[in-house]
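Structure at a glance
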Number of protein chains: 2
Amino acid sequence: MAAQADDTRHRLLEAAGEVFAEKGFQAATVRDICGRAGANLAAVNYHFGDKERLYVEVVKHAHHCGEEIAYPQWPPGTRPRKKFRDYVSHMLIRLLDPRRPAWHTQLMAREMAQPSAACAALVESYIRSGHELLEEILVELMPPETSAIARHLAAFSIVGQCLYFRIGRPIVERLVGEDEFRTYDVARLTDHIVRFSLAALGSRQPAGEASQPASTAGRSREVIR
Amino acid sequence: MAAQADDTRHRLLEAAGEVFAEKGFQAATVRDICGRAGANLAAVNYHFGDKERLYVEVVKHAHHCGEEIAYPQWPPGTRPRKKFRDYVSHMLIRLLDPRRPAWHTQLMAREMAQPSAACAALVESYIRSGHELLEEILVELMPPETSAIARHLAAFSIVGQCLYFRIGRPIVERLVGEDEFRTYDVARLTDHIVRFSLAALGSRQPAGEASQPASTAGRSREVIR
DNA sequence: GATTGAAACGAACATTTGTTTTAATCGAGC
DNA sequence: GCTCGATTAAAACAAATGTTCGTTTCAATC
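The shown structure was predicted, so the numbers you read here are calculated from the model rather than taken from an experiment. (Residues numbered from 1 in each chain as written. Chains lettered and ligands numbered in written order. Predicted model: local features only at pLDDT ≥ 70, side-chain atom pairs only at ≥ 80, totals over all residues. Heavy atoms only, no water.)

1. As for the overall build of chain A
Within chain A, the secondary structure is distributed over 11 helices and zero strands. When the helices and strands of chain A are listed from N to C terminus, the series reads α-α-α-α-α-α-α-α-α-α-α. Split by element, the accessible area of chain A, about 10800 Å² in all, is 53% carbon and sulfur. (Helix = DSSP H or I, 4+ residues; strand = E, 2+ residues; numbered from the N terminus. Areas by Shrake-Rupley, 256 points an atom, 1.4 Å probe, with all protein chains shown as cover.)

Spelled out as C-alpha cells, the structure:
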C-alpha cells in the first residue's frame, strides 16, 4: 500500500543518510542500509533503482530538511549587527546543535572533501542563497568603498571560522582537550566569532558584553595610521 | 635487489598517496595503486603486508614530506606581526601552492571528515607543534589580559580561515566564479587573512600595504566603544 | 469473488577486490 | 658457474557487494 511504501521509502532515506554520512558512499553497503531501515535487501533497488540514485535522493532529502530551519526574517530597519549575529548564530546552530541530526552536515563535509557531480549542483543551490544573504549584511556592515572582492573574502573568512569548528572538530577537540571543548557551545562560539569578525570588519563591539550592541557606528570607521 | 625494492616501495607510496587522496581508503583499489606504480598486484602485500598498513605508511610518508617545509626560524626580536604574516603565508603555501603535490592536504581533509584511528595520533603529532607556535605568536600579539580560551578561539578562527580556502574550494570557486577564483593566489589570501585577523585581534594594519608593518604598537591598542 | 498491481521477500548471480599461492627472475657471494 | 635469498610476475581464491529474478503478500478495484 502507498502508506507502507512511503514509510519504508522514508525509513530507507533516513537510514541511508546515517550510513552514507558515517561510512561514505563506497564504504556504505546496501545491506547495512536496508538492515537499519528494517527493509529487505532488494528494497533499495525497488524504490530508487540503484545505490547511486538512492544517494542523490538522500542528499536532496537532507537539503529539504535543511530548509526547515529558515533564516530569520528581520523587520526593516534592523541593525546590521543584529542581523550579522543572527546569521552567525543560525549557521552555528545548523552546524553544531546536537539536537539536529548529525548526518546532514557530515554529508556536506564529505561532499566538500570529494564533491560528486550529482551533488555539486545541489550544494550550489543550497549554499548560494545563504551566501548572498551574508553578502547583503556585509554591504551594510563594511565601509562603502569596500570592493566586491574584499567583501567576498570577508564572507569566506566568516564562514570558514564557523565551519572549522564543525569540520575540524576532531582536531580542535584534541588540541584543547575534551574538558575545554565541552564549553565550546553555540552561544560561546557565536559570541567569539561575532566579536572577532566585527572587529576585523572595522566595527567595534562594546568591551563588556557582545550581545547588546550599543552603537550603530562602526560603518565609517577608518583607522588612519 | 635492495635498490629495486626500495624504488618500487617508494613508487607504491607515491601512487597510493594519490589514489587514497583521490578516492578515499575504501574506494581506492590495490589494483589501481599497483597499476599507477607500475608494480605487480602482489607488491602491496609483499612490501606492506596489507592495504591498511600501506595506508598508515602513506600517511607517515606524507607527514615526513610535510616536515620538509619547516616553519621559519626568526631571529630574536622579530616583530610578532612579521611572525604572524610568515605563519599565515607558510600555512597557505602548504595548503594551496599548486607546485606542492596536491594529495598531502587532500588526505588530511579526508581524515578530518572521517578520522581513522591509526591516523589520528599522527595528525595530532603533526598539527600540534604548528598550533603551539601560533599560540606563542598570539601571546605576543593579543592584549596581555587575554584569557587562554580566548586565545585558543582566536587561533582556530585564523586556521579556519586558511583551511576554508582549501577544504571549501569547490564551494568557493562556484560562488565567486572561476575568473575571480583564479585571482585568489597565496599572496592575496595571505594579505586578506593577515589584515582581517590582525584587525580582529585588536591590532591595526597600515591602510595601504600590509606587507611592511610600520609600527610595533597594536598590542595595547584598545578601542573604546 | 476474481483480478490487478504495488510492495516486500528470499535466493541467486556476476562482479569486484583484497589476499594468497606458486612459479619465474635477477643479482650477489662463494 | 652455481646457489641462495630477495623480488617480481601471473594466476587463483575466498569473501563481500550491488544487482536481478521469481515468488508471495495484500489491499484496492471491478
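We are not done yet, so read on.
2. Focus on the confidence of the model for chain A
Confidence in the prediction for chain A averages 82 pLDDT; 80% of positions are at 70 or higher. pLDDT under 50 marks residues 205-225 of chain A. Its contacts with residues more than four places away, or in other chains, come to 45 contacts. (pLDDT = per-residue confidence, 0-100. Contact = heavy atoms within 4.5 Å.)

3. Brief notes about the pattern of salt bridges
Under the defined criterion, the tally for this structure stands at 28 salt bridges over all chains. Between Arg182 of chain A and Asp179 of chain A there is a salt bridge; the shortest N-O distance is 2.8 Å. With Arg182 of chain A and Asp179 of chain A both in helix H10 (residues 178-182), this residue pair falls three residues apart, about one helical turn. Judged by relative accessible area, which is 58%, Arg182 of chain A ranks as exposed. On the basis of relative accessibility, which here comes to 59%, the residue Asp179 of chain A falls in the exposed class. The partner of Glu22 of chain B in a salt bridge is Arg36 of chain B, with the nearest N and O atoms 3.1 Å apart. Taken together, the positions of Glu22 of chain B in helix H1 (residues 2-23) and Arg36 of chain B in helix H2 (residues 30-37) put the pair 14 residues apart, joining distant regions of the chain. (Salt bridge = Lys/Arg side-chain N within 4 Å of Asp/Glu carboxyl O. Buried < 20%, exposed > 50% of the residue type's maximum accessible area, 1.4 Å probe, protein only.)

4. Some remarks on the packing of aromatic side chains
Geometry of an aromatic ring pair is reported as the spacing of the ring centres plus the angle between the planes. Summed over all chains, the structure comprises 18 aromatic pairs over all chains. Each ring, one from Tyr184 of chain A and one from Phe156 of chain B, has its centre 6.5 Å from the other, and the planes form 70°; the classification is edge-to-face. Remark: Phe156 of chain B occurs in helix H8 (residues 148-167) and Tyr184 of chain A occurs in the loop between H10 and helix H11 (186-201); the pair is interchain, linking two chains. Taken individually, Tyr184 of chain A and Phe156 of chain B each receive the classification buried, so the pair is uniform in this respect. A centroid spacing of 5.8 Å and a plane angle of 55° characterise the contact between Phe181 of chain B and Tyr184 of chain B, whose relative ring orientation is tilted. You'll find Phe181 of chain B and Tyr184 of chain B in the same group, each marked buried. One aromatic cluster is present, formed by Phe156 of chain A together with Tyr164, Phe165, Phe181 and Tyr184 of chain B through successive ring pairs. (Phe/Tyr/Trp six-rings, centres within 6.5 Å; stacked < 30°, edge-to-face > 60°.)

5. Some remarks on the packing of helix H5 (residues 80-96) of chain A against H11 of chain A
Residues and elements named next belong to chain A. Where H5 contacts H11, the two axes come as close as 9 Å, and the packing angle between them is 135°. Judged by the angle between their axes, H5 and H11 are oblique. Where H5 crosses over H11, the two elements pack in a sense that is right-handed. On H11, the residues that touch Arg81, Phe84, Arg85, Val88, Ser89, Leu92, Ile93 and Leu96 of H5 are Val186, Leu189, Thr190, Asp191, Ile193, Val194, Ser197 and Leu198. Tallied by class, the residues present in the contact of H5 with H11 amount to 10 nonpolar, three polar and three charged. (Axes fitted to C-alpha atoms, helices over the stretch in contact; angles between N-to-C directions. Parallel < 35°, antiparallel > 145°, perpendicular 65-115°, else oblique. Left-handed = near helix turned anticlockwise from the far one by under 90°. Nonpolar A, V, L, I, M, F, W, Y, C, P; charged D, E, K, R; others polar.)

6. Section: the environment of Leu141 of chain B
Residues and elements named next belong to chain B. Its location among the elements puts Leu141 in helix H7 (residues 117-141). Here Leu141 falls in the buried class, since its relative accessible area comes to 5%. Each C-alpha atom of the pair Leu141 and Arg110 lies 32 Å from the other, and the pair is 31 residues apart in sequence.

7. Quick word on the domain arrangement of chain A
Residues and elements named next belong to chain A. Domain annotation of chain A identifies domain 1 (2-64) and domain 2 (80-200). Residue-level contacts link 16 residues of domain 1 with 12 residues of domain 2. Taken over both partners, the interface formed by domain 1 and domain 2 buries close to 1100 Å², and the fraction arising from carbon and sulfur atoms is 71%. Joining domain 1 to domain 2, the criterion identifies zero salt bridges. At the junction of domain 1 with domain 2, the criterion picks out five residue pairs in polar contact (both at pLDDT 80 or more). Of all the secondary-structure elements, those providing two or more residues to the side of domain 1 that touches domain 2 are helix H1 (2-23) and helix H4 (51-68). Counting residues per element, the side of domain 1 that touches domain 2 draws most heavily on H4, at eight residues. (Domains from an automatic or database assignment. Buried area = accessible area lost by both parts, 1.4 Å probe. Polar contact = N/O pair within 3.5 Å; in protein donor to acceptor, adjacent residues only side chain to side chain.)

8. Observations regarding the environment of Arg79 of chain A
Considering the arrangement of structural elements, one finds Arg79 of chain A in the loop between H4 and H5. Separated by 62 residues in the primary sequence, Arg79 of chain A and Leu141 of chain A place their C-alpha atoms 9.4 Å from one another.

9. Concerning the environment of Arg31 of chain B
For Arg31 of chain B, the position within the fold is in helix H2. Using a relative accessible area of 63% as the deciding quantity, one classes Arg31 of chain B as exposed.

10. Re helix H5 (residues 80-96) of chain B
Helix length check: H5 of chain B, at 17 residues, gives a terminal C-alpha distance of 24 Å against a target of 24 Å (1.5 Å per residue), a fit within 8%. In terms of burial, H5 of chain B is largely enclosed, as 14 of its 17 residues are buried. (Expected span 1.5 Å × (residues − 1).)

11. Some remarks on the side chain of Glu180 of chain B
Here Glu180 of chain B is to be found in helix H10 (residues 178-182). Within the buried core, Glu180 of chain B has no salt-bridge partner, and the shortest N-O distance to an opposite charge, that of Arg188 of chain B, equals 6.4 Å. A polar contact of 2.5 Å, which involves the side chain of Glu180 of chain B, links it to the side chain of Tyr184 of chain B. Ignoring anything within four residues of it in the chain, the contact list for Glu180 of chain B reads Ile149 and His152 of chain A. (Lys, Arg positive; Asp, Glu negative; His and termini not counted.)

12. Things to note about the packing of H11 of chain A against H8 of chain B
Close contact between H11 of chain A and H8 of chain B brings their axes to 11 Å; oriented N to C, the two are set at 70°. Relative to H8 of chain B, the element H11 of chain A is oriented roughly perpendicular. Handedness of the crossing formed by H11 of chain A with H8 of chain B: right-handed. From H11 of chain A, Arg188, Leu189, His192 and Phe196 of chain A reach across to H8 of chain B, where they touch Ile149, Leu153, Ala154, Ser157, Ile158 and Gln161 of chain B. Partitioned by chemical class, the residues of the contact of H11 of chain A with H8 of chain B number six nonpolar, three polar and one charged.

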